[in-house]
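# Per-entry structural report
So you can see what is in the structure, the chains are spelled out below.
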There are 2 protein chains.
Amino acid sequence: MTMSKRDTYTPDSLLAVAVEVFNERGYDGTSMEHLSRAAGISKSSIYHHVKGKEELLHRAVGRALDGLFGILGEPGAVDGRAIRRLEYVTRRTADVLMDELPYVTLLLRVRGNTTTERWAMERRREFDQRVSALLRAAVAEGDLRADVEPRLATRLLFGMINSLVEWYRPEGRGGVAGDQVADAVVRLAFDGLRT
Amino acid sequence: MTMSKRDTYTPDSLLAVAVEVFNERGYDGTSMEHLSRAAGISKSSIYHHVKGKEELLHRAVGRALDGLFGILGEPGAVDGRAIRRLEYVTRRTADVLMDELPYVTLLLRVRGNTTTERWAMERRREFDQRVSALLRAAVAEGDLRADVEPRLATRLLFGMINSLVEWYRPEGRGGVAGDQVADAVVRLAFDGLRT
């Protein structure tokens, strides 16, 4: 028996609950029943907000993707030498990951067969390719090392940045300040551990 | 109805099948029925080899952990300045990840509540702490930058290395040579992208 509370959800607050459940159980492993229980409202109340769980997934990963692609249109990502733009994008990607942690976590975990999952994976690949192109440009300008294959360098760079979703916790909850984390990412990615 | 073939499995070959299923469905989502279907032998044949799925998990993550902890006893990890030892451990960790890809993938994905899962997470944390201690020693010797908090640096270093399990494919299957990947990891981790 589900204890239903009054449905006072906004689109955003319902999405926040759904994303938590998706990250906890996996998208495939989440049913409307799980969402209903987590939100404390009936399934029909949820259907009043959205057509189904795929719409919630679409909005959640869409929010993460909007954050990431938004970076590429910012002045720091558009103007100047490629290395400066890549540094900017690296820092801002770390920022967006931390600001939109549950949404980007979901985006990075999506592997699947629904239209929305394929779309999310495709858009994510597109973002990686845009950053990879920037990295190639910086190599061509002589500012980045040429002895690591650019696709490999891009993967390792994203490996480092994306690992944030595994361990980052906001400062208030025993974590490190986001600025300090973003600084560390940029320092290590561009200059490495060595003095 | 399960089409059973003759049970010609060795402990290692049965483990390889189980690990593939665990990585595909998640450990929690895997039943003995799934293992039986994937192996093409009956459940009672599997019980002839192991007590249950937790024993398979234990052996699989044990294999990954043996590979990782083995590194720490190798001469390159024991002798010399801390920075050289850390470089050595970084390269060898990348090697072990690539050589034992499905086993380390499983280890890195384990989150859970069984005794074996808790043990695996504990041992993994212990490995991270051993590497973190090495990193601190190299900072103390003045060879690594002191402006990134060592625990944060360790997390980002492992973020980069561990990302291999997400994208690395062996050379024969359209991937890059393992040596080239390990070189890239060491170069980027210690000297960064910049020329």
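None of the values given here were measured: they were computed from a predicted structure. (Residues numbered from 1 in each chain as written. Chains lettered and ligands numbered in written order. Predicted model: local features only at pLDDT ≥ 70, side-chain atom pairs only at ≥ 80, totals over all residues. Heavy atoms only, no water.)

All names here are of chain B. As for its position among the elements, L72 is in helix α4 (residues 53-72). Classification of L72 as buried rests on a relative accessible area of 13%. With residues up to four places along the chain from it excluded, the contact list for L72 reads A77, V78, V89, F127 and R130. (Helix = DSSP H or I, 4+ residues; strand = E, 2+ residues; numbered from the N terminus. Buried < 20%, exposed > 50% of the residue type's maximum accessible area, 1.4 Å probe, protein only. Contact = heavy atoms within 4.5 Å.)

The positions that UniProt labels "domain: HTH tetR-type" (unreviewed entry) are, in the present scheme, residues 8-68 of chain A. End C-alpha to end C-alpha, residues 8-68 of chain A measures 30 Å, and it is 75% helix and 0% strand. (UniProt positions renumbered as here; feature names shortened; annotations may be inferred.)

Let us look at the domain arrangement of chain A. Residues and elements named next belong to chain A. Each domain of chain A was delimited in the assignment, giving domain 1 (11-54) and domain 2 (60-191). Computed from C-alpha atoms alone, the centre-to-centre distance between domain 1 and domain 2 is 28 Å. The interface of domain 1 with domain 2 comprises nine residues on the first partner and ten residues on the second. Summing both sides of the interface, domain 1 and domain 2 together bury roughly 820 Å²; the carbon and sulfur share of this comes to 55%. Taken as a group, V19, N23 and E54 account for 56% of the area that domain 1 buries against domain 2, more than any other trio of residues on that side. The interface formed by domain 1 and domain 2 includes zero salt bridges. Between domain 1 and domain 2 we count four residue pairs in polar contact (both at pLDDT 80 or more) in total. It is helix α1 (residues 11-25) that provides the largest number of residues to the side of domain 1 that touches domain 2, a total of six residues. (Domains from an automatic or database assignment. Buried area = accessible area lost by both parts, 1.4 Å probe. Salt bridge = Lys/Arg side-chain N within 4 Å of Asp/Glu carboxyl O. Polar contact = N/O pair within 3.5 Å; in protein donor to acceptor, adjacent residues only side chain to side chain.)

For the rest of this paragraph, the subject is the interface of chain B and chain A. Interfaces are often sized by the accessible area lost when the parts come together. Taken together, the contact between chain B and chain A spans 35 residues of the former and 35 residues of the latter. Both sides of the chain B and chain A interface together cover about 3,500 Å² of buried area, and 60% of this is carbon and sulfur. Seen at the junction of chain B and chain A, the total is eight salt bridges. A salt bridge links R111 of chain B to E166 of chain A; the shortest N-O distance between them is 2.8 Å. Connecting chain B to chain A are 22 residue pairs in polar contact (both at pLDDT 80 or more). Going through the elements one at a time, α6 (82-99), α9 (150-162), α10 (164-167) and α11 (178-191) of chain B are the ones with two or more residues in the side of chain B that touches chain A.

For any pair of aromatic rings, geometry is given as the distance between the ring centres together with the angle between the planes. Tallying each qualifying case throughout the model produces six aromatic pairs over all chains. Plain terms: the ring middles of F69 of chain A and F127 of chain A are 5.6 Å apart, the flat faces sit at 75° to each other, and that makes the pair edge-to-face. Residue F69 of chain A is located in helix α4 (residues 53-72), and its partner F127 of chain A is located in helix α8 (residues 115-140); the two are separated by 58 residues in the primary sequence. Across the pair, exposure class does not vary: F69 of chain A and F127 of chain A are buried alike. Cluster of aromatic residues (ring-pair linked, three or more members): F69, F127 and F158 of chain A. The side chain of K53 of chain A reaches across the aromatic face of Y27 of chain A, ending 4.2 Å from its centre. A cation over an aromatic ring shows up here: R63 of chain B above the ring of Y103 of chain B, its NZ or CZ 4.0 Å from the ring centre. (Phe/Tyr/Trp six-rings, centres within 6.5 Å; stacked < 30°, edge-to-face > 60°. Lys NZ or Arg CZ within 6 Å of the ring centre and 35° of its normal.)

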